[in-house]
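Inside the fold
Residue-level listing of the chains:
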Amino acid sequence: MLAGIKGVVRFDEPMSRYTSFRIGGPADAYVEPSDLESLQKVMTTASAAKIPVFVMGGTNVLVRDGGIQGIVLRLVNLDRIQEPEDGLFYAEGGVLMPRLLKFAMQRGLTGLEFAAGIPGTLAGSIVMNAGTRSGEMKDVVRTIRLVTMTGEILDLPAGQAGYSYRGSRLPRGIVVGAWLGLRAGTRAEIESHVKESLHRRKATQPIEMPNAGCVFKNPEGDSAGRLVEAAGLKGAQVGDAEVSTKHANFIVNRGQATAQDILALIRLVGKTVAEKFGVTLELEVQIVGRN
Ligand code: EPU
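Residues numbered from 1 in each chain as written. Predicted model: local features only at pLDDT ≥ 70, side-chain atom pairs only at ≥ 80, totals over all residues. Heavy atoms only, no water.

Things to note about the overall build of the protein
Within the protein, the regular secondary structure consists of 6 helices and 17 strands. Taking 2.2 N^0.38 as the reference for a compact globule, 291 residues should give roughly 19 Å; the C-alpha atoms of the protein span a radius of gyration of 19 Å, in line with that estimate. Taken along its principal axes, the extent of the C-alpha atoms in the protein is 50 × 50 × 30 Å. For the protein, with 291 residues in total, the buried portion stands at 49%. Sequence-distant contacts, at least 24 apart, represent 64% of the contacts inside the protein between residues at least 6 apart. For the protein, the exposed surface amounts to about 13,800 Å²; the carbon and sulfur share of it is 50%. (Helix = DSSP H or I, 4+ residues; strand = E, 2+ residues; numbered from the N terminus. Rg over C-alpha atoms; globule rule 2.2 N^0.38 Å. Buried < 20%, exposed > 50% of the residue type's maximum accessible area, 1.4 Å probe, protein only. Contact = heavy atoms within 4.5 Å. Areas by Shrake-Rupley, 256 points an atom, 1.4 Å probe, with all protein chains shown as cover.)

Observations regarding the site of the ligand
Close contacts around the ligand come from 20 residues, with Arg-133, Cys-214, Asn-218, Glu-229 and Ala-248 the closest. Here Tyr-165 contributes a side-chain N or O atom positioned 2.8 Å from an oxygen atom of the ligand. Within the side chain of Gln-205, one N or O atom sits 3.0 Å away from an oxygen atom of the ligand. Contact with the protein chains covers 73% of the free accessible surface of the ligand, which is 820 Å². Taken together, the residues of the shell around the ligand sort by class into 5 nonpolar, 8 polar and 7 charged. (Near = heavy atom within 4 Å. Polar contact = N/O pair within 3.5 Å; in protein donor to acceptor, adjacent residues only side chain to side chain. Nonpolar A, V, L, I, M, F, W, Y, C, P; charged D, E, K, R; others polar.)

Here we look at the environment of Ala-188
With respect to the helices, strands and loops of the structure, Ala-188 is situated in helix H4 (residues 187–204). Take Ala-188: its relative accessible area is 54%, and that puts it in the exposed class. Distance in space between the C-alpha atoms of Ala-188 and Met-105 is 8.9 Å, their sequence separation being 83 residues.

Thoughts on the nonpolar core
Counting 53 residues, the largest nonpolar core has Phe-89, Leu-100, Leu-112, Ile-126, Met-137, Val-141 and Ile-144 as the members making the most contacts within it. Per element, the largest residue contribution to this core is 6 residues, and it comes from helix H2 (residues 97–106). Residues Val-215, Leu-233, Leu-265 and Val-273 belong to the second largest nonpolar core, which totals 26 residues. (Core = buried A, V, L, I, M, F, W, Y, C linked by side-chain atoms within 4.5 Å.)

Concerning the pattern of salt bridges
Under the criterion given, the structure shown has 19 salt bridges. Between Glu-284 and Arg-166 there is a salt bridge, and its shortest N-O distance comes to 3.8 Å. Of this pair, Glu-284 sits in the loop between helix H6 (259–277) and strand E17 (286–288) while Arg-166 sits in the loop between strand E11 (153–157) and strand E12 (174–181), and the two are 118 residues apart along the sequence. Relative accessible area serves as the criterion here: at 13%, Arg-166 is assigned to the buried category. The closest approach of N and O atoms between Arg-226 and Asp-222, which form a salt bridge, is 2.8 Å. A network of salt bridges, in which partner residues are shared, links Arg-10, Glu-13 and Arg-17. (Salt bridge = Lys/Arg side-chain N within 4 Å of Asp/Glu carboxyl O.)

In short, shape yes, function no, at least from these values alone.
Here you go:
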C-alpha cells in the first residue's frame, strides 16, 4: 500500500527512537514523506483503507509499550522556512522550534522569544498551542496549513483554530506549516531575553534527562509543580520512572523506564494530589498507543 511513496518507509519501527522520553513500542508502519505530495498520498491511501495516521513530533507524548496501530508520520523532510516580508513568513511543520527561534533572532524579529527552550516541531507546537509564562503559539500564528484526511490542503486563519491553554480544536488532518507574524525588534535585546530564558530553564528543569516536558497542565491560578512538590512526591519512583527532584511537574526516565512505569507514576501523582489538596490535575502530555 505504501509502495510509490517517496521517502523513508519502515515497518515495526520502535517509537523509542523518536520520543524525548526514549520510550515507546513499535509503529505498524512508519513514514518520513520526502515532500508534501507524498504526504498527501499517504493521507488519501490511509483514509481509503481506514488506517489510522498519527504524526510523531516526539516531545510532548508518551507512547505506550504496545506501540502504535496504523501509520506514524514524521515531518522531518518538511522543514523549509521562507524569508520574511514585513515580519510575515511561512514555515513548514517539521521545522524544529529552536531553529525557528534562531531564524527569527538572526533577522531581528521579535515575538517568538517565549519559545526559548521549547523543543519539538512547529507542527506539534501549533497543535498544542505550546507556550511558556511569557507567551504562546496563538500569539504568533496567523494562518495554519493543514492536509485534510482526504489529502486536500486547507489554509485556516488562526482565529478559527479554537485555541485555549495548551490546546486547539483544529479540523481533522495534519498541520504541515503555518504563516507566522513577528515584529521588527532589536537583535541584542531578543538575544539577551532568549539567553536568560534558556538559563532559567536549565536551572529549574531537568533537561539533561529524557522527559516529555511538563506532565500536567497548571490548574487555574496555581502551579502543578508546586502542588506535586507540596504532596511530597519529588523523587517518587516506579521502576526507572521518577518525579524529577529538580521540577516536580516533570517525570524523567532514569534509563530503562517503560510506558507502564510512567503511567503508574502519573496515576500515583494524580491520586495523591487529589487526596491531599482536592485538585484534579489534567494531563498536558499526550498518551497514545496500545498497552
Ligand atoms: N514550583 C515548585 N516546585 C517545583 C516546581 C515549581 O514549588 O518542583 C513552583 C515554583 O517555585 C514557582 C511555580 O511553581 O513558584 C511555577 O514554576 P515554574 O516557574 O517552573 O513554571 P511552571 O508553571 O511549572 C510553566 C510551563 C512550562 C514552562 C515554564 C516557564 C505549564 C504546565 N508549564 O511551568 O512549560 O517551561 O512555565 O515558562 O504551563 C511544558 O509545557 O512542557 C512546560 C515545561
